[in-house]
Amino acid sequence: LPASRDRTHVELASQDAELPSPIEQETRAYHALLSALTRGASVSELSTLAADRAMRLVAADGALVARVDGSALSVLAAHGLAAPLAADGGLPRDEISRAVLERNQPIVFGDGAPGAPEWRLPVAAHAGIVAPIYAEGRPSGALAVLCSDAAMPGSADCARVCKLAEFLGLGFALADAHHARTRLLERVFSAQEEERRYIARELHDGTSQSLMSLVVRLRAIESTAAPATQQALHDVRQLAKATLEEVGRIAHGLHPVILDELGLEQAVRRHAAEFAASHGLKIDVHMHGLRGLGRLPQSVELMLYRIVQEALRNVARHAEASTVSVLLERARDYLRLIVEDDGKGFAVEQLDQLADVPHLGLHGIRERAAQWKGVVTVESEPGVGTTVYVELPL
Ligand SMILES: Nc1ncnc2c1ncn2[C@@H]1O[C@H](COP(=O)(O)OP(=O)(O)OP(=O)(O)O)[C@@H](O)[C@H]1O
Ligand SMILES: [Mg+2]
């Protein structure tokens, strides 16, 4: 058999101390894929990363990741020698599926390959490895590494590529599950907002209007009533007015019309002012660099508004604070929201143990922000206060 690539690799590594050993390369590859997964990377991001790492792992000239897509294989990543295949988008599935997917066996091709398959990729690859990707027990795609010279890859390289493909299969399953969960949460949040908007509208257009005409009529009756009943009518009218205001407050909390009409800045200022008045808190609001930004998408504004609402609600319920600062600013290419209080603080590290039904606020904040790739950090020091940071890429 022609010289194995494994040997070449080892020789190269010993010649150049800077070059990582195959084991190190492998560790780095898995590390990169794992951290991409924890970041919630998509299937195509994982594929790009895996193709790049596979190429380095076996010193190949090209790599390709394709995923089963109906009767074809769609190319998710194609590097080096394989790059022209990315433009085509799809590969016919028949030969590959027969040779790789259905038997769950890799193909190694090159000079001297026993029973070399007649199948060849339409690029100048004379040797290579095509490893199956299985996700949840089903054939899901293939990871191929390609070489321009004809020396057949060795068995150690083949094992490395197969292991990486196996890991990528797990990655696909996780990324799909993450994607499905994100879509589901999106639906839950938007259904919740739609419901709130509906109830707010009903309260505003129905209940409030009825109360309003009640107040007007009472005033009319009051003006002509006998002095003995005037005071009683006045009291009833005051009660109706207070109820009207209360209904207005509830409707506003459910869906702030001001947010649609005047935008996030005004809505946050107004909410903070009302919240401060009703909870005896001092709330400072600072906004920086938002002017040039224009209006953000409606759902992003609503998400940030809901986060401010929950963070302030937490201050009022748990913090025993006297002062709160709300900061909303644009910093380069992201938006930062900070809600900071000077209350009693809490043990943030125990937050995960609180992830049960009665404690959903901070988890909700995280999930809402994650919909827009935002990151939420909560810092708290007992006796000093709590800070909620939200960073949202623009
Ligand atoms: N600003 C704060 N100051 C002090 N403790 C806080 C603050 N914010 C949150 N906490 C603590 O963190 C816990 C979790 O907060 P979280 O908002 O997730 O749930 P919750 O407010 O208890 O319930 P809900 O699901 O109604 O929001 C709180 O129970 C409280 O102990
Ligand atoms: Mg809460």
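Here the structure is a predicted model, which is why all the values come from computation and not from measurement.

S.K.: Any details on helix α7 (residues 227-254)? Residues and values, ideally.
M.R.: Between its terminal C-alpha atoms α7 stretches 41 Å, which fits the 40 Å expected from 28 residues at 1.5 Å a residue. Those residues of α7 that fall on the buried side of the exposure criterion are L233, R237, A240, L244, V247, A251 and H252. In this structure, the buried side of α7 is in contact with α6 (155-224), α8 (257-262), α9 (264-279) and α10 (298-319).

S.K.: Any details on the pattern of salt bridges? Residues and values, ideally.
M.R.: Per the stated rule, a full pass over the model turns up 22 salt bridges. Across the pair R160 and D157 runs a salt bridge, and its minimum N-O distance is 2.8 Å. In this pair, R160 and D157 both sit in helix α6, three residues apart, roughly one turn of the helix. Judged on exposure class, the residue R160 and its partner D157 are both buried. Residue E222 is joined to R237 by a salt bridge in which the shortest nitrogen-to-oxygen separation is 2.7 Å. Placement of the pair is E222 in helix α6 and R237 in helix α7, with a sequence separation of 15 residues. The burial state of E222 is the same as that of R237; both residues are buried. When salt bridges that share partners are traced, they join E26, D157, R160 and K163 into one network.

S.K.: Would you mind going over the environment of A331 in detail, with residue names and values included?
M.R.: Tracing the chain through its elements places A331 in strand β8 (residues 323-331). Overall, the relative accessible area of 16% leaves A331 in the buried class. Measuring from C-alpha to C-alpha, the distance between A331 and P393 comes to 9.6 Å, with 62 residues separating the pair along the chain.

S.K.: Now, about the packing of helix α3 (residues 43-57) against α6: what can you tell me, with residues and values included?
M.R.: One can describe the packing of α3 onto α6 by two numbers: an axis separation of 10 Å at closest approach and a directional angle of 170 degrees. With respect to their mutual orientation, α3 and α6 come out roughly antiparallel. In contact with V43, L46, S47, A50, R53, A54 and L57 of α3, α6 contributes R160, L164, L168, G171, F172, A175 and D176. Here the residues of the contact of α3 with α6 are counted per class, giving nine nonpolar, two polar and three charged.

S.K.: Kindly report on the coordination of the magnesium ion (ligand 2), identifying the contributing residues and their values.
M.R.: For the magnesium ion (ligand 2), the full set of protein donor atoms is E310 (OE) and N314 (OD1), at a range of 2.1 Å. Here the residue E310 and the residue N314 both occupy positions in helix α10, the gap between them amounting to four residues, near one helical turn. For the residue pair E310 and N314, the accessibility class agrees, reading buried in each case.

S.K.: Explain the sheet that holds strand β7 (residues 282-288) residue by residue, including any values.
M.R.: Working definition: the strands of a sheet are paired by backbone hydrogen bonds and lie parallel or antiparallel to each other. With respect to topology, five strands assemble into an open sheet ordered β7-β8-β9-β11-β10, the strand pairing being mixed. Unpaired on one side and paired on the other, β7 and β10 (375-381) mark the two borders of the sheet. On average, each strand axis in the sheet is inclined to that of its neighbour by 10 degrees, with strand direction left out of account. As paired strands, β10 and strand β11 (residues 385-393) are joined by seven bridges and run antiparallel to one another. Bridging across to β11, V375 finds its partner in E391. On the sheet, α9 packs against β7 and β8 and is oriented at approximately 170 degrees with respect to β7. Of the strands in this sheet, β7, β8, β9 (334-341) and β11 touch α10, which is tilted by about 15 degrees from β9.

Conventions and cut-offs
Residues numbered from 1 in each chain as written. Chains lettered and ligands numbered in written order. Predicted model: local features only at pLDDT ≥ 70, side-chain atom pairs only at ≥ 80, totals over all residues. Heavy atoms only, no water. Helix = DSSP H or I, 4+ residues; strand = E, 2+ residues; numbered from the N terminus. Expected span 1.5 Å × (residues − 1). Buried < 20%, exposed > 50% of the residue type's maximum accessible area, 1.4 Å probe, protein only. Contact = heavy atoms within 4.5 Å. Salt bridge = Lys/Arg side-chain N within 4 Å of Asp/Glu carboxyl O. Axes fitted to C-alpha atoms, helices over the stretch in contact; angles between N-to-C directions. Parallel < 35°, antiparallel > 145°, perpendicular 65-115°, else oblique. Nonpolar A, V, L, I, M, F, W, Y, C, P; charged D, E, K, R; others polar. Donors = N, O, S within 2.8 Å, 3.2 Å for Na, K, Ca; no water. Pairing = 2+ DSSP bridges.

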